[in-house]
Every structure is written in C-alpha cells, then in structure tokens.
Amino acid sequence: QVQVVESGGGSVQAGGSLKLSCVVSGYTLNRCTMNWYRQAPGKERELVSRISTTGTTTYGVSVKGRFTASRDNSKNTMYLQMNSLKTEDTAVYYCAASNCGFIGGPIYWGQGTQVTVSS
C-alpha cells in the first residue's frame, strides 16, 4: 500500500510563509498525480494544487501567485511553499496521491497538517 505523510504545518501571522512537505512511501512519487487539498472548518474540501505524472502543475484560483508546489523525485517528496498567507488560508492541509499507475485507481490520503493564519 501507498503511504502518504504530511508535515510542516503550524501557526503564522498573515503575510508570512510556511512550507509543507509530503513524503510518499510504498510507491514512486512521480508515477502518481500529487495533490494538495485543504479543508477549513465547516467548509468543503478544496483543491490547492496538483502535479501530474508528467510534471505539469496547476493551482486553485484562491492560491495562484502565492503558493508553489514542487517535487523532489530523489526524495519521493512533494512540497508546498506558501507565501503571503491570509487568514482564509487557515485549514487542514492534506496531501493525496492519485492515479498511481492507472487512472481511476485508489487515492491515498495523508493524515493532514493544520495551518493557522492569524491577523
């Protein structure tokens, strides 16, 4: 089974930065579509970023220009650099690996890491 573990969350003031990490084990990261999602209390889960198996990166409109997703294939790790953080970025952030080897297969979720942005 694929295992996904996020880290790097914490508390930061508005305008500050955080960098999240997502380590994948049990599979090769660059053979999966790698996603960051977030979910704020009482809200639906929202896509933050996505890196395809070919390396194409897309972002949700609310984070474009502020967040940067990247991957280090040698470390089987994906990162999310979050700059210019806003209070509305407060959420639990989840890493998810999907399409690992084939489209429509299981999605593997991390446990989530809390990001809290204060004004």
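Our subject is the structure listed above.
Read on for an overview of the structure. (Residues numbered from 1 in each chain as written. Predicted model: local features only at pLDDT ≥ 70, side-chain atom pairs only at ≥ 80, totals over all residues. Heavy atoms only, no water.)

## Regarding unusual backbone geometry
Note: most residues except glycine have negative phi, and most peptide bonds are trans. Worth spelling out the cut-off: Where helices and strands are cited, they refer to DSSP runs of H or I of at least four residues and of E of at least two residues respectively, numbered from the N terminus. Think of it in three bands: with a 1.4 Å probe and only protein chains considered, a residue is buried below 20% of the maximum accessible area for its type, exposed above 50%, and partly exposed in between.
Located in the positive-phi region is N76, a residue other than glycine, with phi close to 55 degrees. Structurally, N76 can be placed in the loop between strand 7 (67–72) and strand 8 (77–82). Classification of N76 by relative accessible area gives buried; the value is 15%. One non-glycine residue, N99, lies in the positive phi region at around 50 degrees.

## With respect to the packing of aromatic side chains
Basically, it comes down to this: Ring pairs shown here join Phe, Tyr and Trp side chains whose ring centres sit within 6.5 Å, with only the six-membered ring taken for Trp; geometry is labelled stacked below 30 degrees between planes, edge-to-face above 60, and tilted in between. Two thresholds decide whether a charge sits over a ring: the Lys NZ or Arg CZ must be within 6 Å of the ring centre and within 35 degrees of the ring normal.
Summed over the entire model, instances satisfying the criterion amount to 2 aromatic pairs. Residues Y37 and W109 carry aromatic rings whose centres are separated by 5.2 Å and whose planes lie at 50 degrees to one another, so their mutual orientation is tilted. Residue Y37 is found in strand 4 (residues 33–39), and its partner W109 is found in strand 10 (residues 108–109); the two are separated by 72 residues along the sequence. Classification of Y37 by relative accessible area gives buried; the value is 13%. Overall, the relative accessible area of 32% leaves W109 in the partly exposed class. Pairwise contacts between aromatic rings join Y37, Y94 and W109 into one cluster. If you follow K19 out to its NZ or CZ, it ends over the ring of Y79, 4.7 Å from the centre.

None of this, on its own, says anything about what the molecule does.
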